[in-house]
Each structure stands twice: as structure tokens, then as C-alpha cells.
Amino acid sequence: MKTIIGLGASDRVAIEKIHYLQELDLSVEKKKNCKPDIELKKFFDNRDIVLSRLQVSYDKTKVHDEKTAQVFEIHQMMLEDLDYTESVESLITKGYNAEYAVQQTGLKFKQLFESSDNEILQSRAMDVSDITNQMIKAFKGINEHEKAPEGKFILISRDLYPSDIVKFDHNQIAGFVTQYGSKNSHAAILARTLNIPIVVNLGNRFDEIPYFGTMAINGATGEIIINPNKYILGIYKKKIKEAEEYAQLLEKYRNKKAISSDGHHVTIGANIGNLTDIDLVINYDADAVGLFRSEFIYLERNDYPSEEDQFNIYKEVVERLKPRQIIIRTLDIGADKTAGYFHLNKEENPALGYRAIRICLKQPEIFKTQLRALYRASAFGNLAIMIPMITHVEQVLEVKEIIKEVQNELLINHIPFDADLKVGIMIETPAAVMISDLLAKEVDFFSIGTNDLTQYTLAVDRMNTEIEHLFDSTHESIKRMIALTAKNAHDAGIWVGICGESASDLNMIDFYLTHKIDELSVSPSKVLQVKKAIIENHLKNHQDL
Ligand code: PEP
Ligand code: MG
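Just so you know, these numbers come straight off a predicted model, no measurement behind them.

Once that is clear, we can look at the environment of Ile328. Relative to the helices and strands, Ile328 is located in strand S12 (residues 326-329). Accessibility expressed as a relative area gives 0% for Ile328, which makes it buried. Linking Ile328 and Thr450, residues 122 residues apart in sequence, is a C-alpha distance of 17 Å. Ignoring any residue separated from it by four or fewer positions in sequence, one finds Ile328 in contact with Phe292, Ser294, Tyr314, Leu374, Leu383, Ala384, Ile385 and Met386.

Here you go:
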């Protein structure tokens, strides 16, 4: 028996047999003075092969997992991307062989993505490696049909790409272990969607994993136990049984309203970031979307999304999730979320800098494009908008002025919109909390962003792992901030929700009920747990708190 600790990236446990992903020789030879027309034909022929394999992977995956399927679509787009193709062609016209041109282009684009400040673009580096490997396999005539073992297994690999995963029946995969990779890798995201454990970033200790045997993995703690003894097996089996029983237990909260024992109804919303999350909202039975982080639409692109692009996305969300209320937060870019085409300067203190509403008010043309798309989409469902990072009443007044301009433009052009569209703000700065009585007079609702509120109140950078232990959203100061905000909201007759991570902290539910919080918006997979906690909350005596 041996224990190795990696980085846990999906909190389930599994015990199954070890299965290594087949490692292939994907090295390529560098040849000069080749005939460009022959090499170009080789490139385009093999690209067609890979494109059609990607289509097969897309069709096969889409049936049960739309989110992963989209990755194959992205890979097709990357392969046909003009810059990518031009880079390959330019090396070939210099006399290099097609394999070498593809490998070098892959490396160039990989480095480009890796050097980005944006996490989403960084993860694209993996995608470039994936398409390069696929192209090299096609050049070498390798068409893999990996032979999977019987029954379930834990898939072990140095890196794990979506094209590797799709070779297996998802029902057979009990977990993943990788030498490299991060919590944001596609494999980690897929593991969380499939609700199976993954442990990444094992480093050199990866080589201690034997080729055969059994393995117990814990995706919460990052623990890997090779050939566990009876005692460990017993502990893990118990954990698996408990997780299954818990998932089963949660089923009975589906289709139930979260009403506490003293009759307070809490709307349980989901936090989402793109269209593929719509299925999760439905599957986990969320009552609403309490936070749609619209900046992800911007982060996933290489240029500003057009009004039409945004309109189509917002329209699809509200239409598919009708009659739920969908709160779309306007662009919260800046700080840890940057896109190159915004040309934001590097700042000493980005969290205190040029971000979110500050950008939108200084560059109103970007803001108006988004607002027009949002107002147009409001005609198709129950949409509300929410403004991030408010610190001043004047900001809200300015936003309202811009909204009036947008409404007038739409009216003049006879474009329908919801004239009663609700506009709320995020309470995520101590300033907003302290003037929440004044802000409440100007807006339709508040949503408390405890992530930033904790960062700004405790002066703890939410991105700094050195001081992670000080990042405490249950600190007395945060509780008092929530209590004050809730009181000012209710006194003014508006509702108040929480959409930061601590909305799903089960230890805080009693506190939220005490202060009559109206909505908790959490990640989709937490919806049923929070419903359960509220329904089962037997309040003793809230009045005396
Ligand atoms: C928050 O700050 O709590 C919040 C919900 O917004 P984000 O995490 O996107 O900054
Ligand atoms: Mg925030």
C-alpha cells in the first residue's frame, strides 16, 4: 500500500482498478527542402481526416454531454482558424515537411495561450496540444481504438485531453488521475460534471503509480492510495455508500420550494456562466438564475461580442429557462478576469482598479451594446439585470440614465422590450453596504457578493493563496454587513439575495434565515443541498437574534 497526495479537483471518492491511457510515440522528424505542393496536400488531407474524426466525437458525445461535445466543435474551429492555417502554410512554403510545420505551429500557439493573463485563454493551450497530437496521429496513420478493460476503472495519464476521454464509455470511468493539469482543466470540469473524482498535478510522484492494481482516490483531499489494505478499503467503501445515499436523499427535494419551518420562502437560484450551464439549472431544479456572469461571453472571444451575438445568448437563456427569473450581471471584467482586446493596463492593485462598472461607465459604447442586447432579450422571458462593483449612488444614477437612452432608442425603432425590467445591484463593497439605505431607494433588488465583500472587508486578496486562511466569509464583520444590507433592503421594500460562494455554506443557513434573505444563488450542483438545509431548518428563536 502506498499513499500519494495530489491536487483534488472534484470532491467524490472511488476505488477501482488502474488503467493507463496508452502512450503513443508522437515525435516528428524535421525535414527541409520538401516540395511545398506535396506537403500542403498532405496537410489539408490529414486536416480533413481530423475534422471528420472530431465530428464523430462531437456527435457521439452530444447525446449525453453537450458541454464536453462543444470542446470538439472548438477544436474544429481552431484547426480551420485562418491564423493557424497561415502559420502552417508559411512553414511549408519555406520547405519544411507538413508534420514539422504542424508541430511548430502548435507550439507557437500553445505558448501564446500559456502567456495570457486570462485563465480561460490559458486553458486553450491544452486544446492546441490536443489538436496537434490529433494531426500527428493522422500523419502517422494512427487511428486509435483503445481497448478498455472490462468494468469500471480509474484512468491514469500524464495529461488528459477531451479526445482521450471520448474513446471510453463514460459509465466505465470511475475517476481520473493526472501528472499535470489544474482545477480548471477540461478534464477537471468534465469530472465535476460527471460527478466523479479527479486528482491532478501529481508531479514526479506520478511515476510511482504501478501499471496494474487497485487504487482508491479522494477528489476532495487529493489523496491516492495504491493497492489499499482492507482497512482503507472499508473506509472508502463507506464514503462511497454515504455519497450515494446522500445523492439519493437529495432527490426528494427536487420540485420542492425552499420554505423554512417558520414559513420563510427562499428562492434558490443557480450561478451560471454560459449556455451549456442551462441543462444544469434544469437538472438540479434551480428556481431561478441568481447570477449569470456575462463577462464569460467576453472572455471566451478574441474580440468584443456584437449586440446580435449577445442578444442571441441572452434570448436563449431566458427562453429555455422560462418562467424562471434570470438575473444577468452586466460586464464584470478587470481584476482577475481580463481579455486582451480590452487593452487594460497592468495595475498595481487590480482588485481596486479599473474594473466592472468603472469600465462600463468610462466606455459607455461597450456598456450600451450589452444593455441593448439585454433589453431586446427581455421581450422573450423573465430577465433582470444586475450591476457589479457599485460604490457610489451616482454610479447607479448614471446607469439609469444610460438605460433610459437605450429604452428610447428601442422605442423609436419599434423594438419590443420588457418595460418593467428589474434593475438590481451587487452589494460587494463595504461602501455599498454602508450606503445601502440610499442605494435601496434607487434599485429593485440587492444581491450580496460575499466573495468580493470578504476580500474588501478583510483586506484579503481573494487570489492570494498565501493568505487564503484569512479569507473567511463567516467573519463577524461580514455577518454584520449582511445583516445591515438586509435590513436596509427590507425597510425600503426591496428583496435581497446572496450570490457569492458562501450562499451555499450550510453553516450559514440559519443566519440567512434569521435575516430573511430572499434568494440564495449557488452553483447548480449545490441547489438541492441548500433546499434541503432550508426545508429542514428548525429555527429555535429567530426573534431574539
Ligand atoms: C462575488 O463577488 O461574491 C460575486 C458573486 O462575484 P464574482 O465572484 O464573480 O466576483
Ligand atoms: Mg464580485
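Here the narrative resumes, following the displayed structure.
A metal bound by six donors in octahedral fashion has ideal angles of 90 or 180 degrees, whereas one bound by four tetrahedral donors has an ideal angle of 109.5 degrees. Coordination of the magnesium ion (ligand 2) by the protein comes from Glu428 (OE) and Asp452 (OD), over a distance range of 2.1 Å. A residue pair is termed long-range when its members are at least 10 positions apart, and Glu428 in the loop between strand S14 (422-427) and helix H15 (430-434) and Asp452 in helix H17 (residues 450-458) qualify at 24 residues. For the residue pair Glu428 and Asp452, the accessibility class agrees, reading buried in each case.

Attention now goes to the confidence of the model for the chain. On average, residues of the chain score 91 in pLDDT, and 97% of them are at 70 or above. Across residues 540-545, confidence stays below pLDDT 50; counting only partners more than four residues off in sequence or on other chains, it has six contacts.

Here we come to the nonpolar core. Formed by 87 residues in total, the largest nonpolar core has its most connected members in Phe446 and Leu520. Those residues in contact with Phe446 that lie beyond four places of it in its chain are Ile425, Ile427, Ser436, Leu439, Ala440, Thr485, Ala489, Ile494, Trp495, Val496 and Gly497. Ranked by size, the runner-up nonpolar core spans 28 residues in total, among them Leu51, Ile92, Tyr100 and Val166.

One pass over the structure, following the stated rule, counts 36 salt bridges. Ionic pairing is found between Lys140 and Asp25, a salt bridge with its closest N-O pair at 3.9 Å. Placement of Lys140 in the loop between helix H5 (119-139) and strand S4 (153-157) and of Asp25 in the loop between strand S3 (13-20) and helix H1 (36-62) is noted, with a sequence separation of 115 residues between them. We classify Asp25 as exposed; its relative accessible area is 52%. A salt bridge links Lys368 to Glu409; the shortest N-O distance between them is 3.1 Å. On the criterion of sequence distance, the pair formed by Lys368 in helix H13 (residues 364-377) and Glu409 in helix H14 (residues 393-412) is long-range, its members being 41 residues apart. Overall, Glu409 belongs to the partly exposed group, its relative accessible area being 26%. Taken together, the salt bridges that share partners define one network made up of Glu307, Glu308, Lys368, Arg372, Arg376, Glu405 and Glu409.

What follows is about the site of ligand 1. If you check the shell around ligand 1, you find 14 residues, and the closest are Arg293, Arg329, Gly449, Asn451 and Arg462. Within the side chain of Glu428, a nitrogen or oxygen atom sits 3.0 Å from an oxygen atom of ligand 1. Between ligand 1 and Asp452, the relevant distance is 3.0 Å, taken from an oxygen atom to a main-chain nitrogen or oxygen of the residue. Contact with the protein chains hides 98% of the accessible area of ligand 1, taken as 290 Å² for the molecule alone. Contributing elements (two or more residues each) for the shell around ligand 1: strand S11 (288-293) and H17.

With that settled, consider the sheet that holds S4. Pairing is mixed in the open sheet, where eight strands are placed in the order S1-S8-S7-S3-S4-S5-S6-S2. One side of each edge strand has no neighbouring strand; the edge strands of this open sheet are strand S1 (2-5) and strand S2 (7-10). Mean inter-strand twist for the sheet, computed between neighbouring axes without regard to direction, equals 30°. Judged from the four bridges that link them, S1 and strand S8 (residues 223-226) form a sheet pairing that is antiparallel. Note that in S8 the partner of Thr3 across the bridge is Ile225. Sheet strands in contact with helix H8 (residues 230-251) are S3, strand S7 (214-218) and S8, and its direction is about 115° off that of S3.

What follows deals with the packing of H17 against helix H18 (residues 476-491). As a packed pair, H17 and H18 sit with axes 10 Å apart at the nearest point and diverge in direction by 125°. Classified by the interaxial angle, the pair formed by H17 and H18 is oblique. When you trace H17 past H18, the crossing you get is right-handed. Each of Thr450, Leu453, Thr454, Thr457 and Leu458 in H17 lies in contact with H18, whose residues at this interface are Ser477, Ile478, Met481 and Ile482.

Glancing now at the packing of aromatic side chains. Given two aromatic rings, one states the distance between the centres and the angle between the planes to describe the pair. Enumeration over the complete set of coordinates arrives at 15 aromatic pairs. Residues Phe153 and Phe168 carry aromatic rings whose centres are separated by 5.4 Å and whose planes lie at 65° to one another, so their mutual orientation is edge-to-face. Here Phe153, found in strand S4, pairs with Phe168, found in the loop between helix H6 (162-165) and strand S5 (173-178); they are 15 residues apart in sequence, far enough to count as distant. When sorted by exposure, Phe153 lands in the same class as Phe168, which is buried. Aromatic ring contacts, followed pair by pair, group Tyr298, Tyr304, Tyr341 and Phe342 into a single cluster. Sitting over the face of the ring of Tyr236, Lys239 holds its NZ or CZ atom 5.7 Å from the ring centroid. The ring centre of Tyr354 lies 5.6 Å from the NZ or CZ of Lys362, which sits over that ring.

Calculation rules
Residues numbered from 1 in each chain as written. Chains lettered and ligands numbered in written order. Predicted model: local features only at pLDDT ≥ 70, side-chain atom pairs only at ≥ 80, totals over all residues. Heavy atoms only, no water. Helix = DSSP H or I, 4+ residues; strand = E, 2+ residues; numbered from the N terminus. Buried < 20%, exposed > 50% of the residue type's maximum accessible area, 1.4 Å probe, protein only. Contact = heavy atoms within 4.5 Å. Donors = N, O, S within 2.8 Å, 3.2 Å for Na, K, Ca; no water. pLDDT = per-residue confidence, 0-100. Core = buried A, V, L, I, M, F, W, Y, C linked by side-chain atoms within 4.5 Å. Salt bridge = Lys/Arg side-chain N within 4 Å of Asp/Glu carboxyl O. Near = heavy atom within 4 Å. Polar contact = N/O pair within 3.5 Å; in protein donor to acceptor, adjacent residues only side chain to side chain. Areas by Shrake-Rupley, 256 points an atom, 1.4 Å probe, with all protein chains shown as cover. Pairing = 2+ DSSP bridges. Axes fitted to C-alpha atoms, helices over the stretch in contact; angles between N-to-C directions. Parallel < 35°, antiparallel > 145°, perpendicular 65-115°, else oblique. Left-handed = near helix turned anticlockwise from the far one by under 90°. Phe/Tyr/Trp six-rings, centres within 6.5 Å; stacked < 30°, edge-to-face > 60°. Lys NZ or Arg CZ within 6 Å of the ring centre and 35° of its normal.

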